[in-house]
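Inside the fold
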Amino acid sequence: MPTGSTSSHRFLESLPERQRVQLEAIATRRHWPPGALLFQEGHEHENIYLLLCGHVRLDMLVPDRGRTALLTVGPGDLVGWSPLTGAQTMTATAMALEPTQALAFNGTRLRDACTEDHELGYYVMRQIVITLSERLLSTRLQLLDLFRGHEPRASSAPDLC
Amino acid sequence: MSADPIDNAALWLGPKAGLQQVIDALRRTGYTIVGPMVDQAAIVYGEIGGIEQLPRGWTDRQAPGQYRIEQTGRDTYFDYVVGPHSWKKYLFPPRLAVAAVVPLQAGWQFERPRDDPPTYAFLGVRACEIAAIRVQDRVFLEGGYVDAAYQRRRKPAFILTVNCTLAGTNCFCASMNTGPRCTEGFDLALTELENGFVIEIGSERGRSTMADCDVRPATEAERSAGVAARQRATDQQSKRMNTDGLPQLLMANLQHPRWKDVGERCLSCTNCTMVCPTCFCSSVEEVPDLNTGRIERQRQWDSCFHEEFSSLNGRPVRNEIAARYRQWLTHKLSTWHEQFGTSGCVGCGRCITWCPVGIDITEEVAALREPAL
Amino acid sequence: MKPAVSAWETHAMRIVGIRPEIDGVATYDLAFTEQAGGDAYQFRPGQFNMLYLPGVGESAISLCGDCRAPDVWKHTVRVAGRVTQTLAGMPLGSQLGVRGPFGTGWPIDQWQGMDVVLVAGGIGLPPLRPAIYELLQRRDEFGCLTLIYGARGPRSLLYTAEFPTWQSQGLSVLTIVDRASAGWTGNQGVVTSLLERLELPNPATTAVAVCGPEIMIRYTALAAAKRGIVSERVWVSLERNMQCAVGLCGHCQLGPEFICRDGPVLRYDRVRHLLSVEAL
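Here we take up the domain arrangement of chain B. Reports of interface size often rely on the accessible area that becomes lost once the parts have come together. Residue and element names in this part refer to chain B. We note that the domain assignment places domain 1 (11-236) and domain 2 (246-369) within chain B. Averaged C-alpha coordinates put domain 1 and domain 2 at centres separated by 25 Å. Counting residues at the interface gives 38 residues for domain 1 and 34 residues for domain 2. Going through the elements one at a time, strand 5 (66-71), strand 6 (95-103) and helix 3 (127-141) are the ones with two or more residues in the side of domain 1 that touches domain 2. Looking at the side of domain 1 that touches domain 2 residue by residue, the class counts come to 25 nonpolar, nine polar and four charged.

This part takes up the sheet that holds strand 3 (residues 42-47) of chain B. All names here are of chain B. Strand order in the open sheet formed by eight strands is 3-2-8-9-10-11-1-12, and the pairing between neighbours is mixed. Each of the sheet's edge strands pairs with one partner strand only, and the pair in question is strand 3 and strand 12 (216-217). One ladder, built from five bridges, connects strand 10 (residues 188-192) with strand 11 (residues 197-201); its direction is antiparallel. Residue pairing for strand 11: Ala189 is matched across the bridge by Glu200. Helix 1 (residues 19-29) contacts strand 1 (11-13), strand 2 (32-39), strand 8 (120-125), strand 9 (158-162) and strand 11 of the sheet and is inclined by roughly 135 degrees relative to strand 2.

Working definition: the strands of a sheet are paired by backbone hydrogen bonds and lie parallel or antiparallel to each other. All names here are of chain C. On the basis of which strands lie adjacent, the open sheet formed by seven strands has the order 10-9-8-7-11-12-15 and mixed pairing. Each end of this open sheet is capped by a strand with a single partner; those strands are strand 10 (187-188) and strand 15 (265-267). Here four bridges tie strand 11 (residues 206-211) to strand 12 (residues 234-237), and the two strands are oriented parallel to one another. Residue pairing across strands places Val208 opposite Val234, the latter belonging to strand 12. Contacting strand 7 (115-121), strand 8 (145-151), strand 9 (171-177) and strand 11, helix 2 (residues 129-137) crosses the sheet at an angle of about 160 degrees to strand 7. Strand contacts of helix 6 (residues 268-275): strand 12 and strand 15, with the helix running at about 90 degrees to strand 15, the strand carrying the most contacts.

Before going further, it helps to examine the pairing of strand 4 (residues 57-62) of chain C. Within a regular strand, side chains alternate between the sheet's two faces. All names here are of chain C. Across the six residues that make up strand 4, a large majority, six, are buried. Along strand 4, one buried face is formed by Gly57, Ser59 and Ile61 and the opposite face, lined by Glu58, Ala60 and Ser62, is buried too. As paired strands, strand 3 (residues 48-53) and strand 4 are joined by six bridges and run antiparallel to one another. Bridging from a neighbouring strand, Tyr52 pairs with Glu58 of strand 4. In textbook terms, the turn of a hairpin is the stretch between consecutive antiparallel strands, and for strand 3 and strand 4 this stretch comprises three residues, one of which, Gly55, has a positive phi near 85 degrees.

So, on to the nonpolar core. Within the largest apolar cluster, 191 residues are counted, with the highest numbers of intra-cluster contacts made by Phe122(B), Leu118(C) and Ala209(C). No other element matches helix 3 of chain B, which puts nine residues into this core. In this structure Ala209(C) touches Trp106(C), Val116(C), Leu118(C), Leu128(C), Ala131(C) and Trp235(C), once residues within four positions along its chain are discounted. Grouped together as the second largest cluster of nonpolar side chains are 26 residues, Phe11(A), Trp32(A), Leu58(A) and Leu110(A) included.

What follows is about the pairing of strand 5 of chain B. Residues and elements named next belong to chain B. With zero of its six residues buried, strand 5 lies for the most part at the surface. Bridge count between strand 4 (residues 58-63) and strand 5: six bridges; the pairing is antiparallel. Directly across from Ala63, in strand 5, lies its bridge partner Gln66. Following strand 4, the chain reverses through two residues before pairing antiparallel with strand 5; Gly65 in that reversal takes a positive phi of roughly 75 degrees.

Quick look at the confidence of the model for chain A now. Segments scoring low in pLDDT should not have their predicted coordinates read at a detailed level. Residues and elements named next belong to chain A. For chain A, per-residue confidence averages 85 on the pLDDT scale, and 88% of positions sit at 70 or higher. For the stretch residues 1-7, pLDDT sits under 50, and the model shows 21 contacts to residues farther than four places along the chain or on other chains. Here residues 150-161 is a poorly scored stretch, pLDDT under 50, and it has 34 contacts once near neighbours within four places are set aside; other chains count.

Here is what the cut-offs are and how they apply
Residues numbered from 1 in each chain as written. Chains lettered and ligands numbered in written order. Predicted model: local features only at pLDDT ≥ 70, side-chain atom pairs only at ≥ 80, totals over all residues. Domains from an automatic or database assignment. Contact = placed C-beta atoms within 7 Å. Helix = DSSP H or I, 4+ residues; strand = E, 2+ residues; numbered from the N terminus. Nonpolar A, V, L, I, M, F, W, Y, C, P; charged D, E, K, R; others polar. Pairing = 2+ DSSP bridges. Axes fitted to C-alpha atoms, helices over the stretch in contact; angles between N-to-C directions. Buried ≥ 20, exposed ≤ 12 C-beta atoms within 10 Å, placed from the backbone. Core = buried A, V, L, I, M, F, W, Y, C linked by C-beta atoms within 7 Å. pLDDT = per-residue confidence, 0-100.

Here it is in structure tokens:
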């Protein structure tokens, strides 16, 4: 079981006071037991989640491989942001691996709030951009498969450390 | 270099054939004398028994990527600069057993191989070469580990220098503050004049060697003639390298377009590293004796220009020639300072002469000083 | 640095233990064929030996055992070339030569009073293991101790049998894999994500030690910086091919650093600018 406490309110704490209060006002708390799905790939879903505690696995269904795990996310991570873009069809399935709690934001309500209050919109979108760029970097590092063993150039090559 | 100090204790050896006495005195002391000689259309270093083996009447003509020797018809012994050999050939031999292992019934026995080098007297060492030897002293003697083989050869070596009285086209020792005048680090220093040699004593060892020779104090005229002759070497030097802030400049310009440019010309042939008197890269090879099973571990000269010289996880780090050239140049002129407290370059010009495509290190540095567009 | 003993001084050692770890990786226990007393063969966590197979060649391998038990030298070796391939075929009792120990070690004394985060990737855990043993033996001298360990997959994780012991002795062990296998409910992703999420009581007094692929080292140091841990408090273990192991043959240079002599453990502020230049 993965351990290690986290800075679960990183996302909220990065926002100015006023915007944080606004956001907390439209948030609701959700929780899931181990094995429960937060959302399913291909299905419509309304909420974006900010994990407070627990551990969630994201996977995609690859026909000839079956359900393929992509990554896990934990406290402080944003998961399921498709509703924020207006696209409501989820691109992955999210499953809780341990008792998990999150702040849930209704995508439509959040978008409306951002449209009404552009300052809120700016800060929310900015922080989401930062979060996404971090996730993109992580995905690229994962894609690089850095721990794959390197083949030596030739068996007659001098040995190298 | 500051004004040429006139050594009031300088000696005169004339006529020049008297140089044989110095050779004989050294030989009697037990030295193996190594000096310049003509071989295969070049002036190289080899064992010397008599002055007739020296390149009498020869001079050299050097240019980027060019070297030839020619007869001048004059009665001179040292009327040339430096050739493809340097004294590292003797102090840091191209091939040397560093360890050995003998198979036993139950396993291996690790041995230290015998190393009994001759005691060398180097005859004809130029100022840039003294500087190069002292650079290698820092590498092999003043780091965390002392290279015992280098020490065994270097410590007892007798240094008989020759002050240059001419400059080669590729020489730039003045820019590197290594010459052309020899001021220290020698046992004896010779300046060749028309009818004899002005000799300066640099050590007790040098003094006692001259005690056996037919010499007398040099006259003021002879000493002045020596100054004038040495001045010719300074005056003739045309190549320059601006070394102001060079270490920092090179490390701040690792992405300069000039690297790509020189990488397209450089053949990665390793000539420059072989002739460079300070280059010290090496590799160790397992050399088994098929009869006895004894394995010698032999250290040989290697070069950072070899593609596989530096690698990570089995792949070369410096795939492109441009990256390897950059490594050589930045090491020689920049990181060497951080590693050893001096520049790695002594301005001897050998790398320019022996580069098949005539790459000139002073030109490359000048180009790297130009702001990258 | 040791006084000038010959760099080529080779100890005769025998393989007294072989433990297969993961595919292509095994840990060798080496003992001296002639025991010398006392401090003769001490090593510091982070140092390495040159393992010598006569007629084949040498390979630089980090010491990965407890430096307080120096009678047996442990080396976790991955098959990567001719020497390691030959070693992989050698039975218990085989003799080989060992030169060493060489290089700089983890600056454990400098971490006294600090929280320490060790970040290991793949075969980067073995050079950190001696540091783990040392930190746990001196547990009271340090604050929070965390190991973040990433590997390709669950079956590539090394030393997993020791993790419960380390946890009980006060090291928080967080593992993460690039690719999950069926039934894996642990973390999946990259070590930098775990560092980004890690609770840090005081970044200003936190030290980070990293060992793994160079690109992982760079992004871990970047993640540490974002958390307020400056590069003067990040130490990394670097690799290059090595031969003499004493800074005389030139092979292992990275800029001015001889990895064998100035490293392999280097403080990150010293090498950060070097690691960002391609093909240096």
